[in-house]
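Structural overview for review
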Amino acid sequence: MLQGLQRFCAEHKIKLSQVDHICLTRVCSETAGGLPGLLLTLAGIKNGSPESTEHVDIWGPPNLDLLVNAMKNFVPHATMVKAHIIPRSDNVMVHGNGAALASSLHAEELQAEGKFKAVSISAILLTPTDLLDGSHFSSNDTSIVYICNLHDIRGEFDPRKAKACGLKKGRKLGQLQNGISVKSDLLDIEVHPDDVIGPPIPGPIVLIVDCPTEPHAQELLSAQALNAYYSDSQSNSPETTKVVNCIIHLSPATVVSSPVYERWMRKFDSAQHIMARTTREHETTPILESSARIATRLHYLCPQLFPAPSLLSVQNDGVAAPNFKVQVEGSISKVCGISAENLLKFTLRPPRRLGLDRSSVQNQMTSSVFIKELLSEIPEIADAAKNMSTFWHKPKEDEAELFTRQDSEVMTGDPSLAGHAAPRCMKNVQRDDLEIVFLGTGSSIPSKYRNVSSIYFNLFSKGGLLLDCGEGTLAQLKRRYGINGADSAVRNLKCIWISHIHADHHAGLARILALRRDLLKGVPHEPMLVIGPEQVGEFLKDYKKLEDLDMLFLDCRSTTVAKWDDMEADSMNDESRDHTVLTSLSEDSSLLRCSKRMKPSTPVDDIKLLKRFKKVLSEAGLVRFISFPVVHCPEAFGIILESAERMNCGTVVPGWKVVYSGDTRPCSEVIEASLGATILIHEATFEDGLLEEAITRNHSTIKEAIEVGRSAGAYRIILTHFSQRYPKVPALDEVSIQRTCIAFDLMSVNLADLPVLPKLLPYLKLLFRTRELI
C-alpha cells in the first residue's frame, strides 16, 4: 500500500523527511511495493551514507527480513534500514517493555530522542489456526493489528478545591500538578493530587486492522488480547474498558462484509469505522489532482494521443462500503463505515476536536472543471484543438511522397537526411498493430506530474510487453485502461524487460507479477518471463522466498545478438546430432566430439529459455528482441524490437522497428541499434543547459538525444525520462521538430499516428505557455 505514497506526498506537500518509522501490517507486494523507492528517497533526503547514524525503523511480521535482504540487491544505503521482527506469540499482545514493537516505539530508545512520548503502539499477530501446524504455513499468512494508544491527559487543576484545602499560590501547586502530595499551608492535612485535580482524560485509541482473508477475521474475533477494548465484554467494567475511538480497516471489502468480521465490529459501541479498501461506486475526485489536470488538458487538445484518464480509484474491488447494525441499550442503532478519502483526517488531540475532519478533503475536481479552467486561461486552445482534429481526417497524401525513404537514403548515402517520408512499414498500417503507452516519463523518483519509467507495448490481440516497470506502473495502467482493462493487460503480458538495476525502473515489478499470478490462478499458463540485468535476477531470486511470483528470469546478456546466434547454433547442432544418431549411430564417435566442441558458450538453461521465448515472440508477431549495452551504470541495456513482415495487396511490407535506449549517455551502440528505426524512444533527462550534470550522471540532454536519432535516420524520435523538475515542453529548433515528440504520462502513440506526431509540438507549447508547473 506504499506504492503511490511519494506521488501523493508531492501532490499535497507532505514532508517525507519526518518519516522515521514504517509499520507494515503484512509483507508482500500489495503492502510493501513502494518501500524500496521510499527508502531510497529517504536516504537522499536524510543524506544517508554507510557512515550515517540515521536510519529508518521498519516493523513487521516474521517475513520482514526476507524483504529487507532482497532489497539489499539495489538499495545502496542498506545500513539506513533497521528491521524489527514482531514475533508470533499466539495472539498475545506485545506491549510495554516486551520483546517486540512497543519496547522501542514508546519506551527508552525514542523517549531519549524526544519522539513518541505521547503514544504507545502495540501489535497482535494474526495467523489462521489451521496453518500453524506448519504443513501449509507460509510467511505471507501472518498479518498484524496495530493498537495506537495516546497517553492520558492529566485532569484540570481546580483552584477552588485548592483553596478549600488550605493551599496558597506557590510551589506546592506545581508539585500537585506533577503528581506529588504536599502539606496544606493553612490546615493540618496532607493534600493529594486527586484532591485538587480532576480525573485524567483517557488517551484516544486507534486500531489499524488488516485481515486479508476470512480465516484471519476468525482469528481476529478470537484474539483474547483485544478483550479489554470490547464494549460488550462481560468481564469489563466501565472503569476498565478501553474505549476505541477509531478503527481503520485495511481489509478487503469481501472480508469486511463477512458475518465473522461484522460480528467483530459489533463489539465496539462508539468507534468510528474508516474503510480504506472500499470505495464509492463512482469516483469523481482524482487521486493525483495535478497529474489528472495535465492529462485532462492534453486529452482536450488531442484525444487521439491522450485518452481521457480514468478517475476510478485504483483500490476499487467492486464492493461498496457496508453498513453495520450495532446493539446499543436494547435498541438497534445504525453505524456506517465511512469510505476513506484523500486527506480525510481523524483528529485525536485536543480532546474537544476528537473525531473526523474533512476540512482538507479535496473538492470534487472533475474533467469539466479542469476544462473550464483551461478555456479561461488559454481561450485560443479551443481553436487549437479543432485544428489538431483535422490531422486525423485529412485524405491520404500521395503514396509516392509518403513512401520514398529508401530512395532518399540511396541517393544521399546519409540516413540522417531521411526520416521525413513515412517508411514502408507504415503503408496501409492498421490501428490494431501497435500502440505504445508511456506509463511513466519521469526520472529518479515519482512526482505529482510524472511517474517513473515504464512503457507498455500494446500488441492488441497478440498480447503486450512492458519495458521497465517503475513504482506505480500498475496504478498507471489502471488510470489508462480502468480496473478491468488493466487486469486484461497484465493477464496478457508476454514478457517484462528491465533496462538496469536502478529502482525507478523496476520497483513496480513485484506488484505486476503478483497480480498476474492471482489473475491466472487456476488457469493453465506459463510463468512470466522477466528479462533484466543480473542484479534484478538476484533481487527476484531473494524475493521469491517471500512470495511466489510465478516467473522465470533471463539475463539481458542472454538476449544480445551473440547469444541469439548461440541459440541458433545450438539448434542446428541438435538437428545435426539427431540426424547423425539416426543414420549412423556407431560410425564415428568423432562426430560426437565435434558437436561437443561446437557447444555454445550460453548456459544450457538460458538456451532453453531462449528457445521458449522465441516461440512467445513469434506468437506476439515479433522477429527480433535484442538487448544491447549502453553507457549508464554497470549492466545497463537498451533494446531493439522488430515485428514480422506482412502482406499488403500481394506485396511484402517490412515490419516496424522500435528502439528504446533505457538510461544512457549518447553512444555509438544506440546509434547503431537505431539505424532505420521506425521509432527511437530515447531518454532526455536534462535540458541542454545542464550538459555537465548529464555527463556526471551518465544521462542525455534533449539536444543530444535528438542528435542520436537524427544520426541513425530514425523516422520518429520520442523523448522520455525527463527530470522531475518540469512537465513543460522544451525549446526545439525547426530541424528537430520535424521528427520529434515529447512524451507525457499516459500518452498513447499508435503506429498509424506517427506521421502526425511532430505536428503536435506547437500546440503543446501553447498548452504549457502560461506556467512552468501546473
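Everything here concerns the structure above.
From a predicted model like this one, the values you see are computed outputs, not experimental measurements.

1. A closer look at the sheet that holds strand 22 (residues 622-629)
One open sheet accounts for 6 strands, arranged 22-23-26-27-28-29; its pairing is mixed. Looking at strand neighbours, the two that pair on one side only are strand 22 and strand 29 (740-742), the edges of this open sheet. The mean angle between the axes of side-by-side strands here comes to 15 degrees, regardless of whether they run parallel or antiparallel. Note: strand 26 (residues 657-660) against strand 27 (residues 679-683), 3 bridges, orientation parallel. Residue pairing for strand 27: Val 658 is matched across the bridge by Ile 679.

2. Re the side chain of Thr 127
With respect to the helices and strands, the residue Thr 127 is situated in the loop between strand 4 (119-126) and strand 5 (143-150). Judged by its relative accessible area of 5%, Thr 127 falls in the buried class. A distance of 2.9 Å separates the side chain of Thr 127 from the side chain of Thr 142, its partner in a polar contact.

3. Section: the environment of Gln 535
Positionally, Gln 535 belongs in helix 20 (residues 534-543). Counting along the chain gives 34 residues from Gln 535 to Ile 501, while the straight-line C-alpha distance between them is 6.3 Å. Among all residues touching Gln 535, those that are not within four sequence positions of it are Asn 73, Ile 501, Pro 634 and Glu 635.

4. Looking at the side chain of Asn 648
With respect to the helices and strands, Asn 648 occurs in strand 24 (residues 646-648). Among the polar contacts made by the side chain of Asn 648, one reaches the side chain of Asn 428 at a distance of 3.1 Å. With residues near it in sequence (within four places) discarded, Asn 648 still touches Lys 427, Asn 428 and Val 653.

5. Side note on the pairing of strand 20 (residues 528-532)
Among the 5 residues in strand 20, 5 count as buried, and that is most of the element. Burial along strand 20 is two-sided: the face carrying Met 528, Val 530 and Gly 532 and the face carrying Leu 529 and Ile 531 are both buried. Here 3 bridges tie strand 19 (residues 493-497) to strand 20, and the two strands are oriented parallel to one another. Pairing of Cys 495 across the sheet is with Leu 529, part of strand 20.

6. Comments concerning the pairing of strand 17 (residues 454-458)
With 5 of 5 residues buried, strand 17 lies mostly within the body of the structure. Both faces of strand 17 are covered, namely the face carrying Ser 454, Tyr 456 and Asn 458 and the face carrying Ile 455 and Phe 457. Relative to strand 17, strand 16 (residues 435-440) runs antiparallel, the two sharing 5 bridges. Pairing of Gly 440 across the sheet is with Ser 454, part of strand 17. Sheet topology note: the strand 17/strand 18 (residues 464-469) ladder contains 5 bridges and is antiparallel. Counterpart to Phe 457 in the pairing with strand 18 is Leu 465.

7. Some points on the packing of helix 13 (residues 289-301) against helix 14 (residues 367-377)
Two elements in contact, helix 13 and helix 14, have axes separated by 9 Å at closest approach and are oriented at 70 degrees. Judged by the angle between their axes, helix 13 and helix 14 are roughly perpendicular. The two elements helix 13 and helix 14 meet at a crossing, and its hand is right-handed. Contact residues: Glu 289, Ala 292, Arg 293, Thr 296, Arg 297 and Tyr 300 in helix 13; Ser 367, Phe 370, Ile 371, Glu 373, Leu 374, Leu 375 and Glu 377 in helix 14. Of the residues assigned to the contact of helix 13 with helix 14, the class counts are 6 nonpolar, 2 polar and 5 charged.

What counts as what
Numbering of residues starts from 1 in each chain and follows the order in which that chain's sequence is written. The predicted origin of the model limits local features to residues at a pLDDT of at least 70 and limits the giving and counting of side-chain atom pairs to 80 or more, whereas totals for whole chains, interfaces and linings rest on all residues. Side-chain metrics in this entry use all non-hydrogen atoms of the structure; hydrogen atoms and water are not considered. Only when DSSP finds a minimum of two bridges between them are two strands counted as paired. Going along the chain from the N terminus, every DSSP run of H or I of four or more residues is numbered as a helix, and every run of E of two or more is numbered as a strand. Axis definition: a line fit to C-alpha positions, over the contact stretch in the case of helices; interaxial angles, taken between N-to-C directions, run 0 to 180 degrees. Remark: exposure states derive from per-residue accessible area (1.4 Å probe, protein chains only) relative to the maximum for the residue type, with buried under 20%, exposed over 50%, and partly exposed in between. Between N or O atoms, a polar contact is any pair within 3.5 Å; within protein, one atom must be a potential hydrogen donor and the other a potential acceptor, and residues adjacent in sequence are included only when both atoms are from side chains. Should any heavy atoms of two residues lie within 4.5 Å, those residues are counted as being in contact. The scheme is simple: roughly parallel for angles under 35 degrees, roughly antiparallel for over 145, roughly perpendicular for 65 to 115, oblique for anything else. The sense of a crossing depends on the near helix, which, turned anticlockwise from the far helix by less than a right angle, makes the crossing left-handed and, turned clockwise, makes it right-handed. Gly is placed with the polar residues, together with every amino acid not listed as nonpolar (Ala, Val, Leu, Ile, Met, Phe, Trp, Tyr, Cys and Pro) or charged (Asp, Glu, Lys and Arg).

Any functional reading would require information beyond the geometric quantities listed.
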